[in-house]
Structures are given as structure tokens and as C-alpha cells.
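Listed here are the chains, written in short residue letters.
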Amino acid sequence: MSAQEVQVKEIQLLINNQEVATDKYVEVRDPGRLTDVVGRVAQATVEHVNTAVEAAHSAFKTWRHSTLEERLEVLYKIENLLKDEGSELAATLSRENGVLYSTSLGEIDLAIRAVQATVKNAKSFFHPIIKEDGDSWVSIEKRPIGVVAGIVPWNAPMVLTIQKVAPAIVTGNTLVMKPSPNSPMGVSLVLKKIASFLPPGVINVIHGDAEVGSALNKHRHVRKISFTGGGQIAKYIMKDAADSLKNIHFELGGNDPAIVLDDADIDDIIPKIVGSAFRRSGQVCFAIKRVYVPENLYDTFYEKVCQFVDQYKVGHGLDEKATFAPVNNKNQYDQVNQLIERIKNSNAKIVQLGEKLDPENWDNGFYILPAVVRDVDPKQEIVTCEQFGPIIPLVSYQTEEEVVKMANDTEYGLGSSIWTGNFDRGLRIARQIEAGMTFINGSGQSHLGYELMPFGGVKQSGIGRENSEIGLTEFIEYHAINYHK
Ligand code: NAD
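Residues numbered from 1 in each chain as written. Predicted model: local features only at pLDDT ≥ 70, side-chain atom pairs only at ≥ 80, totals over all residues. Heavy atoms only, no water.

Asker: Please give an account of the environment of Ala122 that cites residues and values.
Answerer: Along the chain, Ala122 turns up in helix α3 (residues 101-125). The buried category is assigned to Ala122, whose relative accessible area is 0%. Sequence spacing of Ala122 and Arg71 is 51 residues, and the spatial spacing of their C-alpha atoms is 9.9 Å. (Helix = DSSP H or I, 4+ residues; strand = E, 2+ residues; numbered from the N terminus. Buried < 20%, exposed > 50% of the residue type's maximum accessible area, 1.4 Å probe, protein only.)

Asker: Give a description of the site of the ligand that names residues and reports values.
Answerer: Taken together, 29 residues sit near the ligand, with Val152, Asp209, Gly230, Leu252 and Glu386 positioned nearest. In this structure, an oxygen atom belonging to the ligand sits 2.8 Å away from a main-chain N or O atom of Val152. At 2.6 Å from an oxygen atom of the ligand is found a side-chain nitrogen or oxygen belonging to Glu386. Among the secondary structure elements, those contributing two or more residues to the shell around the ligand are α6 (210-218), β11 (222-228) and α7 (231-242). No other element matches the four residues that α6 contributes to the shell around the ligand. Classifying every residue of the shell around the ligand by side-chain character gives 16 nonpolar, nine polar and four charged. (Near = heavy atom within 4 Å. Polar contact = N/O pair within 3.5 Å; in protein donor to acceptor, adjacent residues only side chain to side chain. Nonpolar A, V, L, I, M, F, W, Y, C, P; charged D, E, K, R; others polar.)

Asker: So what's going on with the state of the cysteines? Residues and values would help.
Answerer: If you walk through the whole model with that rule in mind, you get zero disulfides. Considering cysteine sulfurs only, Cys385 is the nearest to Cys285, which forms no disulfide, with 15 Å between them. (Disulfide = S-S within 2.5 Å.)

Asker: Could you give me a rundown of the sheet that holds strand β1 (residues 9-11), with the residues and numbers involved?
Answerer: The mixed open sheet is built from three strands, whose spatial order is β1-β5-β4. Each edge of the sheet is formed by a strand with only one pairing partner; in this case those strands are β1 and β4 (25-30). Strand-to-strand twist in this sheet, taken as the mean axis angle between neighbours without regard to direction, amounts to 35°. Sheet analysis places β1 next to strand β5 (residues 33-42), joined by three bridges and oriented parallel. What sits directly across from Ile11, in β5, is Val41. Those strands touched by helix α2 (residues 68-97) are β1, β4 and β5, and its axis lies near 95° from that of β4. Lying on the sheet, helix α5 (residues 185-196) is in contact with β1, β4 and β5; it crosses β1 at an angle near 65°. (Pairing = 2+ DSSP bridges. Axes fitted to C-alpha atoms, helices over the stretch in contact; angles between N-to-C directions. Contact = heavy atoms within 4.5 Å.)

Asker: Before we move on, could you go through the sheet that holds strand β7 (residues 136-144) and cite the residues and values that matter?
Answerer: As summarised here, the arrangement of the three strands in space is β6-β7-β23, forming an open sheet in which the pairing is antiparallel. Two strands in the sheet have a free side with no partner beyond their single neighbour: β6 (129-132) and β23 (476-484). On average, each strand axis in the sheet is tilted by 15° relative to the strand beside it, whichever way the strands run. Of the pairings in the sheet, the one linking β6 to β7 comprises four bridges and is antiparallel in character. Bridge pairing in β7 places Ile130 opposite Ser139.

Quick look at the structure:
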């Protein structure tokens, strides 16, 4: 699909494997060409939410008794679906989300890896724990929880949805999913097909924003809320969940520090650091959000970062020449631009770099040139906030002790990275960082890391973990049985 072709997709709710039309539809516009309407999405009412939860509640009564083999069969079908339809889905994702087509293809690959890892982990996860002595027999059993509310953000909708659906299904739960209004189409198309592999009611999809999400979270038959998004919404969800004491799992925002040590090969690491910071135009929860550079390397590091960033070609996600895409939505666009203005009015120096590929279309999309900030105060907003956009601040430091303190001086604690020529030194510093994940000489999981690493944050970056065998425990309850002989 080229940037010029538009296919308007009409998306309904999905309840009990039936598509449900509603009285209200919301348009989805292409963030890189705002004059293009690319979809119309049915908006749910509270009654629709209730019907969807009842459908999931009813389906749970039988789905909970399905065998592991039956559930794995569904996961194999999901894997094949993503492989067969990946290129078309990627085009839809880029159209609604704004990201580069190559990034969307990469996201489909990640979703496939999430399914494969879930299959692998599930096979060893259910091994029974049964012990016996002369007096008694004990069995510790893993049971599904019930109806799971899955709420996802817009920034990487496909992989974040599959990371909830695959483990929830393989552990025998049923789901009501609520995609983000800012990227509802790709996931809805996939979820409709996944639902067809399952008995009616196992997967349901509703659309809407706060009112619909809140009704879902308050419903007494929802036993678990698995939420990926921002910390502010997580606080509302926690309040909504309190009345019926629901089990919650939060994957939230981050302000990931990258600590460059003085023994690092800066020519090697700059493309990796900038690549992480500006993946999806900076809209990744565990993207590098602040870079700490030793004072003696600071000027050289800054110059080289700017040279690298200046090579970006900012354009439409489906433009093959583009290497940098717009941000996703008006709120994001306004917040990042206002942040840039405040930096310009501070003592820090900000430069916006890169090339505008299609200047005539520039104001018809949420385009922002990538920016580098130097001479920044370590306590300045751009260092302490989750900018979630294409701006990277470089902070100078003198000692290891000082940089560890600065890295930890935050309520966030998702990812982090150390860049060094000395693994032992990197590991020593990594162990002092308050984060759910620390990468040494990389940013993001290796193949092995993706399979083994529980994904998530500490402090206000999250509660619980996704992915890996540990992530599966989010979707089960333990039932302990003790027979007194
Ligand atoms: P958001 O918190 O604004 O919205 C997330 C979802 O919550 C959306 O589907 C939204 O419709 C829904 N929602 C809004 N109000 C609600 C309410 N009252 N009750 C229930 N649901 C409600 O986040 P966003 O802007 O879509 O995404 C960006 C944020 O997500 C960033 O902070 C980013 O770091 C975070 N994120 C975290 C991870 C992670 O794995 N840790 C991954 C991706 C994104």
C-alpha cells in the first residue's frame, strides 16, 4: 500500500463472536496525512460493556476446563495468522499509528515471538507440584482467574495486545479487550480472527475511552485487569478496581536512563542509543529517555549524536524514503511541542535536526523534527519527565556515584542501560540501578532475553510482569489441596 491509497475500514464491537454495530462511530485519521480518514470505529456504551463481560463470564465456565493441547492449538493458529497476514496488518498499523512500515513489520515479528515464547513457556509452566509423605498428600494447582479486562495503549498496539491475549488464553481465562481509540483497527481485525478460533465469548472487543474503560474495570465479573498505559490512568483504574478487590497488573511509563561510561566505544554505541531513543519517534515505554555522558566526552558525544540525528528523513510512515515518522496524536504532538518551547526558554540548548521529506504535507500530519538537548540541568523537566517523543537530553556527569544517584532520582523504574567496554564494571553499576530491566551495551531484549526476561517496572513504572514464564503467573490463581490420610 502506498501513502496515497486509502481504504476506509469499518470496525464493529465483537461480543460472543458476533460483530455488533452501535449508534456512534469515531473516525480514525492517518497521523501522517490528517486529511485521510482511514477508519470508522463503533463506540460501545456501558450496556455493551456489560454484555461483553457477561459473554466472557459465561464462556469461562467451559473454557476454563479446556486442555493445554486445545489452548496451544489456538496459539499455533494465532502464530500462522500473524505470519500469513503480517504485511497487510503492518500497513494498517502504519496508517492508524503513523509509524514507519518497517517498524510495523517489526512489531508483527515481535507479536509472533510473543506467541512462540508463550507456547514454549506454557509447556513447562503447568507441571504439577504434588508431594506426599506418610500422613498426607499435597497438590498445588494452577487455575485460571476468570474474565480478564485487557486495556492497551496506541504506541505498539499489536504486540501489546498479543502479549496479553496469548498468556491469558493459554492459562484458560476469557477476555474483554479494549484497544486505544488512537490505534484500534489493526488489533480489532486480528482479534476478530483469533476469536473465530475459540468458542464464542472467550475473546470480546469493545471500543471507547475512559467511560467504557471505567465501566469495564468496575464490572463485578471482571476478576483481573491487565493494563498497559500511563501512570495517571493506572491510578483511576486502581480506584475503580478497589470496590471489588480485583487483581491488577500494570505496565506503565518509563524515564529510562542510559549511562555511558568513559571506556565505551562511542562511535559504536551512538547509533544504538539514538536508535533506541527515537524508535517510533520516541514513543516507546522503555526507549532511552535521558543519556548521561562523562564530562570529558560530552562535547564529542554531542557532536556525533547531532551528526547521526541529522541524517533522519522525516516523512509519512508508508513513504519508503522516510526513516522517521510523525507522532501518533494531537495530544502527543501538542505536549512535545510545548515541551520544546519550554526548553527553548531555559538555559539548555536544543537543536532540531533531520530533513523534511514532504514539506507540503508537513502541517497535514503530526510531524516533529528530532531534537537533541545539551547543557541541561539534571533536574530540568526534559530530564525528569517521560517525554514520549523525539527529544533526547544529554546530561553531563563526573563520577560513577553521582551518575547512579541521578539515574535513580525518579519515580520511574522501567528499563535502563549501561554502555561500557568492560562487562564487569557495567554489571556492577547495573546492579545499583532501580529498574525492572537493565541492558548492558544494548537497549531492548536479545532473542534469549525476550524468551526469559519478565518485562515490567518498579516504583511507579508498574506492578507485575509480562512475558516469560513469570509473566504467565499473572494469569493464574493457585489452588492448594491437602489430603490428610
Ligand atoms: P493512556 O494511559 O492514556 O491510555 C491507555 C489506555 O487506557 C487506552 O486504551 C485508553 O483508552 C484507556 N483509558 C483511558 N482512561 C481510562 C479509564 N479511566 N479507565 C480505563 N481505561 C482508560 O496511555 P497512552 O497514551 O495510550 O499510551 C502511552 C503510555 O503508555 C505511556 O506512558 C507509555 O510509557 C505507556 N506504555 C507502557 C508500556 C509498558 O509495557 N510498560 C508499553 C507501552 C506504553
